[in-house]
Every structure is written in C-alpha cells, then in structure tokens.
Amino acid sequence: MSPLPIPYPPRSAGLVWHYTDEAGLRGILSSNRIWASPPESLNDSSELTYGIQLVRDLWNSDRATFRPSDPGAGEYIDRVLGEGWEESLRGSTFIACASSVPDMLSQWRSYAGPDGFSIGFRIDESVWFGGPDRLVDGPMNARSLPYWFDVVYEPESQSELVRAFFNYLADLPPSSRAANALWSSRLTLSSLPTLFKHPGFREEKEMRWVGDDLLAGTPDATVVHGHLPIGAYSFAPGEANLAPFPVAKVFCGPHCTPDTLERVQRLLEDLGLSHVEVEHSTIPYR
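The rules behind the values
- Residues numbered from 1 in each chain as written.
- Predicted model: local features only at pLDDT ≥ 70, side-chain atom pairs only at ≥ 80, totals over all residues.
- Heavy atoms only, no water.
- Helix = DSSP H or I, 4+ residues; strand = E, 2+ residues; numbered from the N terminus.
- Buried < 20%, exposed > 50% of the residue type's maximum accessible area, 1.4 Å probe, protein only.
- Contact = heavy atoms within 4.5 Å.
- Polar contact = N/O pair within 3.5 Å; in protein donor to acceptor, adjacent residues only side chain to side chain.
- Phe/Tyr/Trp six-rings, centres within 6.5 Å; stacked < 30°, edge-to-face > 60°.
- Lys NZ or Arg CZ within 6 Å of the ring centre and 35° of its normal.

*Asks:* What is the right way to look at the environment of Asn32 in this model?
*Replies:* Assignment of secondary structure puts Asn32 in the loop between helix 1 (22–31) and strand 2 (33–36). Classification of Asn32 by relative accessible area gives partly exposed; the value is 23%. Through-space distance from the C-alpha of Asn32 to that of Pro244 is 5.8 Å; in sequence the pair is 212 residues apart. Aside from chain neighbours lying at most four places away, what touches Asn32 is Gly27, Ile230, Gly231, Ala232, Leu242, Ala243, Pro244 and Phe245. At a separation of 2.9 Å, a polar atom in the side chain of Asn32 contacts the main-chain amide nitrogen of Phe245.

Next comes the structure, spelled out in structure tokens:
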C-alpha cells in the first residue's frame, strides 16, 4: 500500500519502460517530455470502463450496510459517484503508460512494433512528473499526484483499494462534504479506476502516470492534438525545475538493424546522452 494519506496502489520505483516508435523516441528525448493520452486513445479503450464499473458495483454491494451510524457518509459517496462523475473522469483524464519489463513480446506487438523502442527511465524520490504547478511542498496537492503507480490486476486487491477509498471519503470532515467541495473528492478519486485492469492483462506489468487537464492552458503544459505533455522535475521545497528526462537505457526492437542502432546512438550523443546504453532485443518476433 502506498504511504500517501489516501489509498492508492504502490508507487512505482526503479526503471520503468515506455514502448514507442522511432518518432516517439526522438520526440521524448528532444523535448524532455512524455505524452499522456485520454482514455479513448489507449490500446484498449474499454480499460476505463472496467475500473468505473468495479467502483460502482462495489458501492452498490456495500451501500445498504455502509456505516449505518453515519448516514451522511453514504449520502456523500452517493453524490461523489453520482451524475457527472463518470463524464468528468472520461473527459479530463490523461494517462501515460509504461512497463516494468524492458523487452516483452506482447508490448512490442501492441505498442511499438518490431522496429520500435522501449525507453527506460528512472523513477525515484528526486524526480516528480507533471507540471510545476503540481509540485508543492509536500507529497501531493489537490489536483493530482506527481508519481507513477503500479497497475493493479488482482480483483481482491482492487476491491480492497476501492473499499479503503470509500472509508477515506466517509472520514472526511463535514466541511469537506459540502457541495462546493464535491469536485475535490471526485478529482481525488478519478485516478483510481484508471489503475485497475482485468487480471488477464497481468503479464504486461504496467505502470501509469495519471493526471487531468487542469494543467491545460498553463505556460508549461498545453494539450496538443489531444495529448498532454508531461515533464520530469527536480523538486525542492517551494521550487520545481524541469530536468532532463531521466533516461537510463534504450532497447531497440526485435527487428532493429545496425543502421537503426547507429542512428539512435548518434541521436543520444547529439543530445548529450552518450551515457545512455542501447541494447538490441533478443526476443523472436514473427
């Protein structure tokens, strides 16, 4: 369980791997950004429906017996999950995807192709992802979280997290249940359904960054062609500075040629990233 004051899946750490084509590789390395996409642009657009339905089904199951001594708690969760929640989530959420595995056949097939790449970048406490307005003196703010999270595939763990979130909402003080605070609870909840996937996808070992379009229109991050650019920032109390994207290694896909390897190494040198290792995938791809 995450150390955050609200119940979320474990935070990712170490190296995470983003699968993309050569144009994506060049764009990420040259712009110091990775692109987050709306749910409808994901490889499986039904993924968000899975998480939303899970939350709704569990609340429908638990509602009748939920904290009978505090009826206001259940009524508040009714409002959080009521009209407008799903539409807001679908309309304002952006997701960036990665995997804990650098060289996986299903990822090459689904996301990068045999001539693509997986970019390994570092996730640790010194680098936060998002825009500078989200990086505050503390672990989070009201808008979103500047972390990557492990996707949860096991139904038991998914149910445990959702029910923990119901309890979190129920424990909010009365002032936080006011009508004008409803948006804050919905925003806090909005990331959770995006971090659940059907257990049939567990081999992907996916990690995700999730944010919203409240960043859109700020000088640092504007939605471009329906996608949201996310930067890596070094963080100190009261200060956040755009840092070079923390790339540690690049895998070249199963059909990578010597010319492609040379081209990528030259690109890394031109960008001052000659320390980044480039390796060829060894997976057979047919």
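*Asks:* Explanation requested: helix 5 (residues 105–112) in the structure shown.
*Replies:* Because an α-helix packs 3.6 residues into every turn, residues spaced three or four apart end up facing the same way. When helix 5 is considered as a whole, its buried residues turn out to be Ser106, Gln107, Trp108 and Ala112. Residues of helix 5 that are buried sit in contact with strand 1 (14–20), strand 3 (93–99), strand 4 (117–123) and strand 10 (247–252). At the C-terminal side of helix 5, Gly113 shows a positive phi close to 80°.

*Asks:* Can you help me understand the packing of aromatic side chains in this one?
*Replies:* Aromatic ring pairs are defined here through the distance separating the ring centres and the angle between the ring planes. In total, this model carries 10 aromatic pairs according to the counting rule given. Seen in terms of ring centroids, Trp17 and Phe251 are 5.7 Å apart; in terms of plane orientation they differ by 75°. Their pairing is edge-to-face. Taken together, the positions of Trp17 in strand 1 and Phe251 in strand 10 put the pair 234 residues apart, joining distant regions of the chain. Overall, the relative accessible area of 5% leaves Trp17 in the buried class. Look at Phe251 and you get buried, because its relative accessible area is 7%. Each residue in the set Phe121, Phe129, Trp148 and Phe245 is aromatic and connected to the rest through ring pairs, giving one cluster. For Arg109, the ring lying beneath its charged end belongs to Tyr285, and the centroid distance is 5.7 Å. One Lys or Arg, Lys197, reaches over the ring of Phe201 and ends 4.9 Å from the middle of that ring.

*Asks:* For this particular structure, what's the right way to read the environment of Ala179?
*Replies:* Mapping Ala179 onto the fold places it in the loop between helix 6 (155–170) and helix 7 (182–194). The class for Ala179 is exposed, based on a relative accessible area of 68%. Between the C-alpha atoms of Ala179 and Arg79, which are 100 residues apart in sequence, the distance is 9.0 Å.

*Asks:* Hey, could you run me through unusual backbone geometry in this one?
*Replies:* Glycine aside, a negative phi is what most residues show, and trans is what most peptide bonds show. In this model, Asn32 sits at a positive phi of 60°, which is unusual for a non-glycine residue. A positive phi is found at Lys205, a non-glycine position, where the angle reads about 50°. Positionally, Lys205 belongs in the loop between helix 7 and strand 7 (206–212).

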